[in-house]
Amino acid sequence: MLDDSDRDEALALLDSDPIANVFVSSRVRAVGLNPARLGGQMWGFGPRGGLVSLCYAGANMVPVNAGPEAVHAFADRARKQGRRCSSIVGPVDAVSLLWERLEPHWGRARAIRWAQPVMATSSKPAVPADPLVRRVRPDEFDTLLPACVAMFTEEVGVSPNLGDGGALYRTRVAELIRIGRSYARIDDGRVVFKAEVGAVTPHACQIQGVWVAPELRGRGHAVAGMAAVVEAAMSCFAPVVSLYVNDYNHSARAVYRKVGFHEVDTFMSVLF
């Protein structure tokens, strides 16, 4: 298990693939490697001074640069520790092998997303941006929250209000608003489009939570809204903007391609 003395070495490894590793890298940059601040443990594979792979083991389990030998070591530790995460997510080769090792011990997953294209862009959007998409204000939390819950439920298949009544989810939504990473078009108190910049490093950022009100879909709000968020993200956060999407979500993939995203990797997610 790594600690803050390993921070520089861990970040050097994470920066070797800044798009794939943006989530873990953003966490390490923000709070370091102390488990109490990190919200989980960071496992390292390889000798100190020669780290080969990492695995973030928190609410999500995320392998980083993990070949078969590292995956086997991470799986063995996770098996002995027992499942503490709500998902395993990351590059498809590592996650598929990790799940192959863990499934006999952890039992069946609630859902598996076998292929999730990772898309990225470093270019100005290829389409006009919606001028009405802007940062959400703290006083608009109650307006935005139902849209966030609807997005999460539609995407993940369960409500974020289960378990703790949604307390942790509400805290995260409020935090993204507070730090200026929540964007939306709100017309007369109704959320038309929304998205958040969920992870940020100096090299890349990752968009999450893209949602259009169901009754307004098919009218171009997603394309124009995403163009606005990409412009804002490049201006405020990082030169490369990324996201990942389910392979079967053809309409979303088409939207992202119109804005200028292209596929650079493939993730896989195991949901519990």
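Data block above holds the structure.
First things first, this report covers the structure right here in the doc. Along each chain, residues carry numbers from 1 onward, in the same order as the chain's sequence is written. Whole-chain, interface and lining totals are the exception, using all residues; otherwise, since this is a predicted model, local features are given only for residues with pLDDT of at least 70 and side-chain atom pairs are given and counted only at 80 or more. To get the side-chain values, take all heavy atoms of the structure and skip hydrogens and water.

**A word on the overall build of the protein chain**
- Every helix listed is a DSSP run of H or I at least four residues long, and every strand listed is a run of E at least two residues long, numbered separately from the N terminus. Within the protein chain, the regular secondary structure consists of nine helices and 11 strands.
- Taking 2.2 N^0.38 as the reference for a compact globule, 272 residues should give roughly 19 Å; the C-alpha atoms of the protein chain span a radius of gyration of 18 Å, in line with that estimate.
- Principal-axis analysis of the C-alpha atoms places the extent of the protein chain at approximately 55 × 35 × 35 Å.
- Accessible area is worked out with a 1.4 Å probe on protein chains only. A residue is then buried under 20% of its type maximum, exposed over 50%, and partly exposed in between. Burial statistics for the protein chain: of 272 residues in total, 49% are counted as buried.
- Contact between two residues is taken to exist if any of their heavy atoms lie within 4.5 Å; hydrogens are not considered. Taking the intrachain contacts of the protein chain between residues at least 6 apart in sequence as the baseline, contacts between residues at least 24 apart amount to 68%.
- For the protein chain, the exposed surface amounts to about 12500 Å²; the carbon and sulfur share of it is 52%.
- Once the 30 positive and 28 negative side-chain charges of the protein chain are each reduced to a mean point, those two points are 3 Å apart. For this measure, only C-alpha atoms enter the radius of gyration; the expected value for a globule follows 2.2 Å times N^0.38, where N is the number of residues. Accessibility throughout is a Shrake-Rupley quantity obtained with a 1.4 Å probe, and a residue counts as covered only by protein chains that appear here. Positive charges come from Lys and Arg, negative ones from Asp and Glu, while His and the chain ends are left out of the count. Every charge is mapped onto a representative atom, which is NZ of Lys, CZ of Arg, CG of Asp or CD of Glu.

**Some details on the nonpolar core**
- The set of buried Ala, Val, Leu, Ile, Met, Phe, Trp, Tyr and Cys residues whose side-chain atoms join them within 4.5 Å is what this entry labels a nonpolar core. Counting 45 residues, the largest nonpolar core has L144, V173, I207, M226, V229, Y256 and F261 as the members making the most contacts within it.
- Breaking this core down by element, the ones donating at least two residues are α6 (141-156), α7 (167-178), β7 (182-187), β8 (190-200), β9 (205-212), α8 (221-236), β10 (241-244) and α9 (250-259).
- Broken down by element, this core gets its largest block of residues, eight residues, from α8.
- Membership of the second largest hydrophobic core comes to 25 residues, among which are L2, L13, V24 and A204.

**What about the packing of α8 against α9?**
- It is the contact of α8 with α9, at a shortest axis distance of 9 Å, that shows an interaxial angle of 50°. Judged on the interaxial angle alone, α9 and α8 are oblique. The handedness of the crossing between α8 and α9 comes out as right-handed. On α9, the residues that touch A222, V223, M226, A227 and V230 of α8 are V255, Y256, K258 and V259. To get an axis, a line is fitted to the C-alpha atoms, and for a helix only the part in contact is used. The angle between two axes follows their N-to-C directions and goes from 0 to 180 degrees. Note that the term roughly parallel is reserved for angles under 35 degrees, roughly antiparallel for angles over 145, roughly perpendicular for angles of 65 to 115, and oblique for everything else. Crossings are assigned a handedness: left-handed for a near helix turned anticlockwise from the far helix by less than a right angle, right-handed for a clockwise turn.

**Examining the side chain of Q41**
- Take Q41: it is sitting in strand β1 (residues 41-45).
- What makes Q41 buried here is its relative accessible area of 18%.
- Contacts described as polar in this section are N or O atom pairs within 3.5 Å, which, within protein, must combine one atom able to donate a hydrogen with one able to accept it, while residues neighboring in sequence count only if both atoms come from side chains. At 2.8 Å, the side chain of Q41 and the side chain of W43 are in polar contact.
- Discounting residues that sit within four places of it in the chain, Q41 has contacts with M1, C55, Y56, A57, R77, Q81 and R84.

**Details of the side chain of K194**
- Tracing the backbone through its elements, the reader meets K194 in strand β8.
- Engagement of the side chain of K194 in a polar contact is seen with the backbone oxygen of G209, the distance being 2.5 Å.
- Not counting the four nearest positions on each side in its chain, K194 is found in contact with L144, A147, C148, M151, Y183, A184, G209, V210 and W211.

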